[in-house]
Amino acid sequence: MTEDGRIFREAWIAGVKKHFPGEPKPGYIAPWEETPDWERASAAAVFGQVRDFVAVSGGTTAKLSREQKGRFVSLCWIAQIHKHIENPKPGYVADWDDLPKWQQETDADIFEAIERLV
């Protein structure tokens, strides 16, 4: 489980470094060891959801658009936010269309990174 979360986190950091305009907040690119426990648990959970989705789809997720892949990651993450944070900030649970482009691209990158492993 820890390894799954670490893979998710590394894909997140790579995406942030690639897509974020300017200098990202330190928390966005903090290493696994500095990531809060709830984020670690959430990363592992969403990794598992994406892995299982790819597996039960028989690999046909390759036919999904990048937006569809990113939306899936985003929605799974929002559910984790609600699980771990009683009254999250609106930005933490923003719908896909309200996310910044860099975050949308990063979420799609995460899906594709996990998809390659399945």
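Residues numbered from 1 in each chain as written. Predicted model: local features only at pLDDT ≥ 70, side-chain atom pairs only at ≥ 80, totals over all residues. Heavy atoms only, no water.

### Description of the confidence of the model for the chain
Turning to step 1, where the next piece is worked out: Looking at the chain as a whole, its pLDDT mean stands at 96, while 100% of the residues score no less than 70.
Turning to step 2, where the next piece is worked out: Per-element mean pLDDT across the chain ranges from 96 in helix α1 (residues 2-19) up to 98 in helix α3 (residues 66-84). (pLDDT = per-residue confidence, 0-100. Helix = DSSP H or I, 4+ residues; strand = E, 2+ residues; numbered from the N terminus.)

### Regarding α3
Turning to step 1, where the next piece is worked out: Given a rise of 1.5 Å per residue, 19 residues ought to cover 27 Å, and the 27 Å separating the end C-alpha atoms of α3 matches this to within 8%.
Turning to step 2, where the next piece is worked out: The complete set of buried residues in α3 reads K69, G70, V73, S74, C76, W77, I78, Q80 and I81.
Turning to step 3, where the next piece is worked out: On the buried face of α3, the contacting elements are α1, α2 (37-56) and α4 (101-117). (Expected span 1.5 Å × (residues − 1). Buried < 20%, exposed > 50% of the residue type's maximum accessible area, 1.4 Å probe, protein only. Contact = heavy atoms within 4.5 Å.)

### Details of the packing of α1 against α2
Turning to step 1, where the next piece is worked out: Interaxial distance between α1 and α2 falls to 7 Å at its minimum, and their mutual angle equals 90°. The pairing of α1 with α2 is recorded here as roughly perpendicular in orientation. Between α1, through D4, G5, I7, F8 and R9, and α2, the contact on the second element is made entirely by E39, R40, A43, A44, V46, F47 and R51.
Turning to step 2, where the next piece is worked out: Residue classes in the contact of α1 with α2 are distributed as 6 nonpolar, 1 polar and 5 charged. (Axes fitted to C-alpha atoms, helices over the stretch in contact; angles between N-to-C directions. Parallel < 35°, antiparallel > 145°, perpendicular 65-115°, else oblique. Nonpolar A, V, L, I, M, F, W, Y, C, P; charged D, E, K, R; others polar.)

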